[in-house]
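For reference, the chains in residue letters:
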Amino acid sequence: MSIKAGLVGLPNVGKSTLFNALTKSSVPAENYPFCTIDPHVAITFVPDVRLQKLKTAFDSKKIIPATVTFVDIAGLVKGAASGEGLGNQFLSHIAEVDLILHVVRCFEDSDIIHTSNEVDPLQDYEIIVAELVLKDLESVTKRIEKVAKLTKAAANDPVKKKENADELELLEKLRKALDTMQLQEVRTLLNNSPVKTISLLSAKNFLIIANMAEADMEQYQTNQHYQKLVQHFGNDRVIPVSARAEWELSQLSDEEAAEMMSLLGLKERGLDAIIEQTYSNLGLITFFTCGPQEIHAWPIKKGITIRQAAGEIHSDLERGFICAEVFNCQDLFTHGNTNKLKEAGKLRTEGQDYLVRDGDIINVRFNV
């Protein structure tokens, strides 16, 4: 499945520098607003230590990891929803991503211009969200007008009339929640209602990337801006990184990067944390197909049946699904090989309703 995350933030918060590190690409990152005129897209591998172990176990020729697509969306400014800065075109790019990564500035540097002349990451986030809400209010209002017209046209169709009435009721509740900035209520309404309506930008899932100075990373918990973000959003939603350090690390060999990380007191690459939390936040798990040619990691939504998972490999496998041989990679690592797995009863045959677990290795039997 395709996974897409969008990096969003005010100008000069380090967003393009972080994107360069994520992708090792050369997006301009000069010190002035709007240097990123078009959204830039790149694909990044999802780190997974199990892949190399599986390659060794199956003596495979290559590894195909799961991937995440990152989109660098140009810096937004206050008033974007009404055309300020680079305007609505960038709000439309946000509509295309599965997860919003809010990059906020948590470092002081007089040489790098801040659009409001004050470092306040929470305020930066709120400026962006306010623009998303304004755009959503515009979209909801237009949809209400359209559904009202459809209701009149369906006067003699009681089923359609009921569907339209239900959507209008939901839209009015959404408009009220947006008016009062109750974004959790917006998400609850959209997620829990059986009524289908338009998607909203402010309802998208999100993470906060706290961009700090290199010197702050060893003791990032003491950074006052980071503390403010954690108090507001909680630890699970805030990822501390130094975009500059991550970009420098991305230019080094593995050995040089490890040495630099040691000097900075970093136990884990910030980029890996971003990728892993993006993957996790979207409710994704990984299953594998394994053989002498390749080890392939497949991302799927948690709770998907094995027949649906087979469709991620190829539509024919879902259409002609008969059954699947299944075992988990952790059992393989524990027992050493498939023969011992069989002896331990860990290799089994599952029908189409089996729910795939993270780390499952599957071999689909099908007929079309």
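Bear in mind the structure is a predicted one, so any value in this text is a computation, not a measurement. (Residues numbered from 1 in each chain as written. Predicted model: local features only at pLDDT ≥ 70, side-chain atom pairs only at ≥ 80, totals over all residues. Heavy atoms only, no water.)

### Here we look at the sheet that holds strand 6 (residues 205-211)
Okay, step 1: The six strands lie next to each other as 2-4-1-5-6-7, forming an open sheet whose pairing is mixed. Of all strands in the sheet, those with a lone pairing partner are strand 2 (40-45) and strand 7 (238-241), marking the two edges. Recorded for the sheet is a direction-independent mean angle of 25° between the axes of neighbouring strands.
Okay, step 2: As paired strands, strand 1 (residues 4-8) and strand 5 (residues 99-105) are joined by four bridges and run parallel to one another. Pairing of Ala-5 across the sheet is with Leu-99, part of strand 5. (Pairing = 2+ DSSP bridges. Helix = DSSP H or I, 4+ residues; strand = E, 2+ residues; numbered from the N terminus. Axes fitted to C-alpha atoms, helices over the stretch in contact; angles between N-to-C directions.)

### Overview of helix 7 (residues 224-233)
Okay, step 1: All of the buried residues in helix 7 are His-225, Tyr-226, Leu-229, Val-230 and Phe-233. One side of helix 7 holds all its buried residues, which, seen down the axis, span an arc of 135°. More than 90 degrees from the buried face of helix 7, the exposed residues found are Gln-224 and Gln-231.
Okay, step 2: Considering only its buried residues, helix 7 is in contact with strand 5, helix 4 (121-153), strand 6 and strand 7.
Okay, step 3: Between the side-chain oxygen of the N-cap and the backbone nitrogen of His-225 there are 2.9 Å, and the N-cap of helix 7 in question is Asn-223. (Buried < 20%, exposed > 50% of the residue type's maximum accessible area, 1.4 Å probe, protein only. Arc of directions from axis to C-beta. Contact = heavy atoms within 4.5 Å. Polar contact = N/O pair within 3.5 Å; in protein donor to acceptor, adjacent residues only side chain to side chain.)

### Let's talk about unusual backbone geometry
Okay, step 1: Non-glycine residue Asn-12 carries a positive phi angle of around 65°.
Okay, step 2: Note that Asn-12 resides in the loop between strand 1 and helix 1 (15-23).
Okay, step 3: A residue is classified by how much of its surface remains accessible, and Asn-12, at 14% relative accessible area, is buried.

### Observations regarding the confidence of the model for the protein
Okay, step 1: Averaged over every residue, the pLDDT of the protein is 87; the share at 70 or more is 89%.
Okay, step 2: Low confidence marks residues 29-37, where pLDDT is under 50. Its contacts with residues over four positions away, or in another chain, come to 26 contacts. (pLDDT = per-residue confidence, 0-100.)

### Describing the nonpolar core
Okay, step 1: Of all hydrophobic cores here, the largest spans 87 residues; its most connected members are Leu-7, Leu-18, Phe-70 and Leu-101.
Okay, step 2: Those residues in contact with Phe-70, other than ones at most four positions away along the chain, are Ala-5, Leu-7, Phe-19, Leu-22, His-40, Val-41, Ala-42, Thr-44, Leu-101, Ile-274, Ile-275 and Thr-278. (Core = buried A, V, L, I, M, F, W, Y, C linked by side-chain atoms within 4.5 Å.)

### Let's talk about the environment of Glu-172
Okay, step 1: The topology assignment puts Glu-172 in helix 5 (residues 158-179).
Okay, step 2: Residue Glu-172 is classed as partly exposed on the basis of its relative accessible area of 36%.
Okay, step 3: For the pair Glu-172 and Thr-141, spaced 31 residues apart in sequence, the C-alpha separation works out to 8.8 Å.

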